Amino acid sequence: QVQINNSVPSVANANITPSSPVATTPALTCNYTFSDTDSDGDNSLVTWYKNGSSVSTGTTYTGPYVGGDNIYCTVKANDGTVDGNTITASTVTLGNTVPVVSNVTISPATAVFGTDLNCSYSYQDDDGDADNSSIVWEVNGSQVGTGSSLSDDLFVGGDTVSCIVTATDSIGSVGNTDSDSLTVDNTPPTVTGVDIDPSSPYTDDQLTCSYTYGDADGNADSSTISWTVSNTQGGAGSQAGTSSTLDSSKFIRDQWVTCTVTSNDGLVNGSSDSAQVQINNSVPSVANANIT
């Protein structure tokens, strides 16, 4: 009489799927073929290695892993009684996952000429690679700068300013592009130095009103002029004209004449300024003296 011995099991054809994983791959599977002439159940031991170190057991491995990691599995055959051979699957290298940018925001949300702008965003990289994203600033579709901030003198009221961020990680992989835009608000214009010439007029003088106009956005001067004539200094007076000059027929001796200029850039009114003069008594004259 003889007893039939347990046959040694064997494993073959080990491989890992998927064969081109990345950091976002949910799980890796170690596949193999198990053979046992006694038809015993498969109790083989699967061991996972990452970058040369044992990290897990079982037919699947869920990480963590990132781009650049080298992963392989070994399978030791076992039928529940004895061990068989051991095989090793080919190593798979985790591919790089492209980075992602989102929530691009220009601040402040409202801007005028003279306002420095800043661009912020959210960066994500499943491989943990450092942020090397690029920031480009455009004004009305033309590039004017790079970096996280934009100088206040590169745009004026009415311009459309855009911040465009392209996701890039520290190893040079390029991901998506995101952006934010705003329209620069108009800056109201100003007038200063309103002056009436001559400054000490007489009843027969034509008056001229001059001033200095300023507009940060470079908009053309559409300011308005208003002449008023009053019998008292600082009085409300009556409307006398709207051009840059005022004829002498509009006033008489001792009256007060005021020129008021309200700045306008074609879009909005800005500051106002004024000047006032009093009409002097004209010196009398005689002529054609004779004795009769």
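Report follows, based on the coordinates. (Residues numbered from 1 in each chain as written. Predicted model: local features only at pLDDT ≥ 70, side-chain atom pairs only at ≥ 80, totals over all residues. Heavy atoms only, no water.)

## Remarks on the pairing of strand β14 (residues 160-168)
Relative to β14, strand β11 (residues 134-139) is paired through six bridges, and the arrangement is antiparallel. Considered in β14, the bridge of Ile 135 is made with Val 165. Where β14 and strand β15 (residues 174-183) come together, eight bridges link them in antiparallel fashion. Paired with Cys 163 across the bridge in β15 is Asp 180. The loop that links β14 with its antiparallel partner β15 comprises five residues; one of these, Gly 172, has a positive phi angle of about 95°. (Pairing = 2+ DSSP bridges. Helix = DSSP H or I, 4+ residues; strand = E, 2+ residues; numbered from the N terminus.)

## Things to note about the state of the cysteines
On inspection of all chains with the given rule, the structure shows three disulfides. Across the disulfide, Cys 30 is cross-linked to Cys 73 (sulfur-sulfur distance 2.1 Å). Taking the sign of the S-S torsion, about 75° here, the bridge from Cys 30 to Cys 73 comes out right-handed. Residue Cys 30 is found in strand β2 (residues 28-35), and its partner Cys 73 is found in strand β6 (residues 70-78); the two are separated by 43 residues along the sequence. Here Cys 30 falls in the buried class, since its relative accessible area comes to 3%. Taking the relative accessible area as the measure of exposure, Cys 73 reaches 0% and is therefore buried. Between the sulfur atoms of Cys 209 and its disulfide mate Cys 259 the distance is 1.9 Å. Residues Cys 209 and Cys 259 share a disulfide whose torsion about the S-S bond is about -85°; that sign makes it left-handed. One end of the pair, Cys 209, is in strand β17 (residues 207-214); the other, Cys 259, is in strand β21 (residues 256-264), and 50 residues separate them in sequence. There is no split in this pair, since Cys 209 and Cys 259 are both buried. (Disulfide = S-S within 2.5 Å. Buried < 20%, exposed > 50% of the residue type's maximum accessible area, 1.4 Å probe, protein only.)

## So, the packing of aromatic side chains
In total, this model carries three aromatic pairs according to the counting rule given. Ring pairs connect the aromatic residues Trp 48, Tyr 61 and Tyr 65, which therefore count as one cluster. (Phe/Tyr/Trp six-rings, centres within 6.5 Å; stacked < 30°, edge-to-face > 60°.)

## Some details on unusual backbone geometry
The peptide bond linking Gly 63 to Pro 64 adopts the cis configuration, its omega dihedral lying at 15°. If you trace the backbone, Pro 64 turns up in the loop between β5 (60-61) and β6. Positive phi outside glycine occurs at Asn 13, with the angle close to 60°. Positive phi, normally seen in glycine, also occurs at Ser 39, with a value near 60°. Looking at the secondary structure, you find Ser 39 in the loop between β2 and β3 (45-50). According to the relative accessible area criterion, Ser 39 is exposed, its value standing at 65%.

## Brief notes about the environment of Tyr 213
Relative to the helices and strands, Tyr 213 is located in strand β17. Residue Tyr 213 is classed as partly exposed on the basis of its relative accessible area, which comes to 22%. Distance in space between the C-alpha atoms of Tyr 213 and Asp 116 is 25 Å, their sequence separation being 97 residues. Not counting the four nearest positions on each side in its chain, Tyr 213 is found in contact with Pro 189, Thr 190, Val 191, Asn 219, Ala 220, Asp 221, Ser 223, Asn 264 and Asp 265. In this structure the side chain of Tyr 213 is engaged in a polar contact, spanning 3.1 Å, whose partner is the backbone oxygen of Asn 219. A polar side-chain atom of Tyr 213 sits 3.2 Å from the main-chain carbonyl oxygen of Ala 220. (Contact = heavy atoms within 4.5 Å. Polar contact = N/O pair within 3.5 Å; in protein donor to acceptor, adjacent residues only side chain to side chain.)

## What to know about the sheet that holds strand β22 (residues 269-278)
A sheet is described by the order of its strands in space; here four strands give the open sequence β19-β18-β21-β22, paired in antiparallel fashion. Pairing within the sheet leaves two strands with one partner each, and these edge strands are β19 (238-241) and β22. Averaged over all pairs of adjacent strands, the angle between strand axes in this sheet comes to 30°, irrespective of strand direction. Here β21 runs beside β22; their pairing, made up of eight bridges, is antiparallel. Directly across from Val 261, in β22, lies its bridge partner Asp 273. (Axes fitted to C-alpha atoms, helices over the stretch in contact; angles between N-to-C directions.)

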